[in-house]
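# Fold and contact review
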Amino acid sequence: MWKWISKKKLKEKKHKCPCCGYITIADDQGFPCFGDICPVCFWEIDSLSGPDEPSDSNHGLTLFQAQQNYQAFGACDKKSLKFVRAPKPEELSTINN
Ligand SMILES: [Zn+2]
């Protein structure tokens, strides 16, 4: 049972979204996949050095603003609201990270 679970996890290794905190980001050789878009908050993974740096991939939005927006209305910005979905149980950040 445990063997099966760990095998499955290894195969589907994912990273924590820096915006919403769910485990939704694809893996690229051990790092969050650059350019991947979180399906829960629609934040696009960017090579930001800090939360206050405007992200070109996210229309100049900073990670800090995106986090605030996700807390306020459930997406990194209002335009992305129609694209997002609710997180799945396995995307909760308690086990993988
Ligand atoms: Zn997210």
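Once a new chain begins, its residue numbering starts again from 1 and follows that chain's sequence as written. Local features in this predicted model are restricted to residues whose pLDDT is 70 or higher, and side-chain atom pairs enter the listing and the counts only when it is 80 or higher, whereas totals over whole chains, interfaces and linings include all residues.

Once that is clear, we can look at the confidence of the model for the protein. A score between 0 and 100, pLDDT records how confident the predictor is in each residue. Of the residues in the protein, 84% reach a pLDDT of 70 or more, and the chain-wide mean stands at 88. At the low end of the mean pLDDT range in the protein sits helix H1 (residues 2-11), at 55; at the high end sits helix H2 (residues 63-73), at 97. What counts as a helix is a DSSP run of H or I of at least four residues, what counts as a strand is a run of E of at least two, and both are numbered from the N terminus.

Once that is clear, we can look at unusual backbone geometry. Despite not being glycine, Phe42 has its phi angle at roughly 70 degrees, a positive value. Residue placement: Phe42 occurs in the loop between strand E3 (31-32) and strand E4 (54-55). With C-beta atoms placed from the backbone, a residue is buried if 20 or more other C-beta atoms are within 10 Å of its own, exposed if 12 or fewer are, and partly exposed between those counts. For Phe42, a count of 25 C-beta atoms within 10 Å corresponds to the buried category. Residues other than glycine seldom take positive phi values, yet His59 does so here, at roughly 55 degrees. Overall, the presence of 12 C-beta atoms within 10 Å leaves His59 in the exposed class.

For the rest of this paragraph, the subject is the sheet that holds strand E1 (residues 14-16). Within the open sheet, the three strands sit side by side as E1-E2-E3. Their pairing is antiparallel. Lying at the two open borders of the sheet, with one neighbouring strand each, are E1 and E3. Strands qualify as paired when DSSP identifies two bridges or more between them. With three bridges connecting them, E1 and strand E2 (residues 23-28) associate as antiparallel partners. Pairing of His15 across the sheet is with Ile25, part of E2.

To continue, consider the nonpolar core. We call a set of buried Ala, Val, Leu, Ile, Met, Phe, Trp, Tyr and Cys residues a nonpolar core when their C-beta atoms link them within 7 Å. Counting 20 residues, the largest nonpolar core has Cys17, Cys19, Cys38, Cys41 and Cys76 as its most contacted members. Mapped by element, the contributors of at least two residues to this core are E2 and H2. Think of it this way: build a C-beta for each residue from its backbone, and any pair within 7 Å is a contact. Discounting residues that sit within four places of it in the chain, Cys41 has contacts with Cys17, Cys19, Cys20, Tyr70, Ala75, Cys76 and Val84.

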